[in-house]
Amino acid sequence: MGIVTLDFESLNSRFEASTPQEILEWALESFWPAIAMSSSFQTQSIPLLHRITQIKPELPVFFLDTGYHFQETLEFKANLQKTWGINIIDLRNEECDDEKDAHSGEQLYLTDPERCCYINKVAPMKKALQNMRAWITGIRREQTPERPQANIIERRSSGLVKINPILNWTQADVYRNIYGHNLPMHPLFTSNYPSVGCAPCTRPVQPGEQERGGRWAGSDKTECGLHTIFFS
Ligand code: SF4
């Protein structure tokens, strides 16, 4: 299917009432084999990963191996790869060797997290998606102030199509799906980490905080840039 033949407006209107399964099936039928998914292998990632293993286990699943993940995340990912046979492709920073601030000598995640996220997340993902026509993500509208504006299917200026099959799901939908199918959860979930990113930038949520309240806590940063800077 050529990109010019896609009517994004009517597809979005149709997909707002579709299930994630229906959206995934359409995406795979339309773009395979030039399609990949990305995952951070946290609890919120599980429903989508589970569906992919049932529909298209050979789908490449990109994981941003920033070098700053919790050991629990790496072990959780390795276990899922083994038990579910996921085709995981690790992506790493190839942009620069030095991840320290040029002036203070401190780690970039302390002094310039935007730059740290760019070199460890945005740049490697951009490169990996160069030869793809479509990218499946697990973002949900309720997660950040930026995400309510997202659409289920979107097009980047380069032509890359982004597909967000669970955009309309709530956190309750995620847990309902996990418990309903008896799916595994990230080991840190029970230690108040409903959302898990890099270790230096994630703390447990406090009572009353939202799902991502422990991400870049104490700063205005809510996004790593994959769904904002890169996909704009
Ligand atoms: S989340 Fe933190 S450690 Fe991870 S890439 Fe971004 S700034 Fe760096």
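Located above this text is the structure these notes cover.
As the structure is a prediction and not an experimental result, all values here were calculated from the model. The numbers attached to residues start from 1 for each chain and follow its sequence in the written order. The predicted origin of the model limits local features to residues at a pLDDT of at least 70 and limits the giving and counting of side-chain atom pairs to 80 or more, whereas totals for whole chains, interfaces and linings rest on all residues. Side-chain numbers here rest on the full set of heavy atoms in the structure, without hydrogens or water.

A. Structural view of the overall build of the chain. Along its length, the chain carries eight helices and six strands. Going from N to C terminus, the chain has its helices and strands arranged as α-α-β-α-β-α-β-α-α-β-β-β-α-α. In this treatment the radius of gyration is a C-alpha quantity, and the globule benchmark scales as 2.2 Å times the residue count to the 0.38 power. For a compact globule of 232 residues, the expected C-alpha radius of gyration is about 17 Å, and the chain comes in at 17 Å, within 12% of that figure. Counting only C-alpha atoms and orienting by the principal axes, one finds that the chain spans roughly 50 × 40 × 35 Å. Looking at the chain residue by residue over its 232 residues, the buried ones come to 53%. By the convention used here, residues are in contact when the closest approach between their heavy atoms is within 4.5 Å. The contacts of the chain with a sequence gap of at least 6 include a subset with a gap of at least 24, amounting to 70%. Elements are defined by DSSP. Helices are runs of H or I of four residues or more, strands are runs of E of two residues or more, and each kind is numbered from the N terminus. The buried label applies to any residue whose accessible area, calculated with a 1.4 Å probe on protein chains only, is under 20% of its type's maximum; exposed applies above 50%, and partly exposed to all values in between.

B. Fine view of the environment of Asn 151. Tracing the sequence through the fold places Asn 151 in the loop between β4 (134-136) and β5 (153-155). Of the residues examined, Asn 151 reaches a relative accessible area of 33% and is grouped as partly exposed. Residues Asn 151 and Ile 163, spaced 12 residues apart in sequence, show a C-alpha to C-alpha distance of 8.2 Å. In this structure Asn 151 touches Asn 12, Arg 141, Asn 164 and Leu 167, once residues within four positions along its chain are discounted.

C. Expanded view of the site of the ligand. Around the ligand sit Tyr 68, Tyr 109, Pro 113, Cys 116, Cys 117, Asn 120, Lys 121, Cys 198, Cys 201 and Trp 216, and that is every residue in its neighbourhood. Among the elements that line the shell around the ligand, the one with the most residues is helix α6 (residues 113-128), at five residues. Grouping the constituent residues of the shell around the ligand by class yields eight nonpolar, one polar and one charged. What makes a residue near a molecule or strand is one non-hydrogen atom of that residue sitting within 4 Å of it. Lys, Arg, Asp and Glu make up the charged group, whereas Ala, Val, Leu, Ile, Met, Phe, Trp, Tyr, Cys and Pro make up the nonpolar group; the residues left over, Gly among them, are polar.

D. Looking closely at the pattern of salt bridges. By convention in these notes, a salt bridge is any Lys or Arg side-chain nitrogen within 4 Å of a carboxyl oxygen on Asp or Glu. Going through the model one piece at a time under the given rule, you end up with 12 salt bridges. One salt bridge connects Arg 92 with Asp 90, and the closest N-O pair in it is separated by 3.7 Å. For Lys 162, the salt bridge goes to Glu 154, with nearest N and O atoms at 4.0 Å. Residue Lys 162 is classed as buried on the basis of its relative accessible area, which comes to 1%. When its relative accessible area of 16% is taken as the criterion, Glu 154 is described as buried. Each of Asp 65, Lys 77, Asp 90 and Arg 92 takes part in salt bridges that share partners, so that together they form one network.

E. Layout of the packing of helix α3 (residues 46-55) against helix α4 (residues 71-84). Every angle, taken between N-to-C directions, lies between 0 and 180 degrees, and every axis is a line fitted to C-alpha atoms, over only the stretch in contact when it is a helix. Running from N to C, α3 and α4 cross one another at 25°; their axes reach a closest spacing of 11 Å. Taken as axis vectors, α3 and α4 run roughly parallel relative to one another. As for the relative orientation of α3 and α4, their crossing is right-handed in sense. Across the interface between the two elements, Ile 46, Leu 49, His 50 and Thr 53 of α3 pack against Phe 76, Leu 80 and Trp 84 of α4. Along the lines of polarity and charge, the residues of the contact of α3 with α4 split into five nonpolar, two polar and no charged. Convention used here: angles under 35 degrees read as roughly parallel, angles over 145 as roughly antiparallel, angles from 65 to 115 as roughly perpendicular, and any remaining angle as oblique. If you view the pair so one helix is near and one far, a crossing is left-handed when the near helix is turned anticlockwise from the far one by less than a right angle, and right-handed when it is turned clockwise.

F. Focus on unusual backbone geometry. Residue Pro 33 is bonded to the preceding Trp 32 through a cis peptide linkage, with omega at 10°. In this structure, Pro 33 sits in the loop between α2 (20-31) and β1 (35-38). Phi is positive for Asn 192, which is not a glycine, with a value near 70°. Checked against the element boundaries, Asn 192 lands in the loop between α7 (171-180) and α8 (226-230).

G. Quick look at the packing of α3 against α7. Across the interface, α3 lies against α7 with an axial gap of 9 Å and an inter-helix angle of 50°. By the criterion of interaxial angle, the relationship of α3 to α7 is oblique. Residues Ile 46, Pro 47 and Arg 51 of α3 lie in contact with α7, whose contacting residues are Val 174, Asn 177 and Ile 178. In terms of residue class, the contact of α3 with α7 is made up of four nonpolar, one polar and one charged.

H. Geometry of the nonpolar core. Residues enter a nonpolar core if they are buried and are Ala, Val, Leu, Ile, Met, Phe, Trp, Tyr or Cys, with the set joined through side-chain atoms within 4.5 Å. Within the largest apolar cluster, 40 residues are counted, with the highest numbers of intra-cluster contacts made by Trp 26, Ile 35 and Ile 163. With six residues, the top contributor of residues to this core is α2. Judged by nonpolar contacts, the second largest core, of 18 residues, contains Phe 62, Cys 117, Leu 129 and Phe 230.

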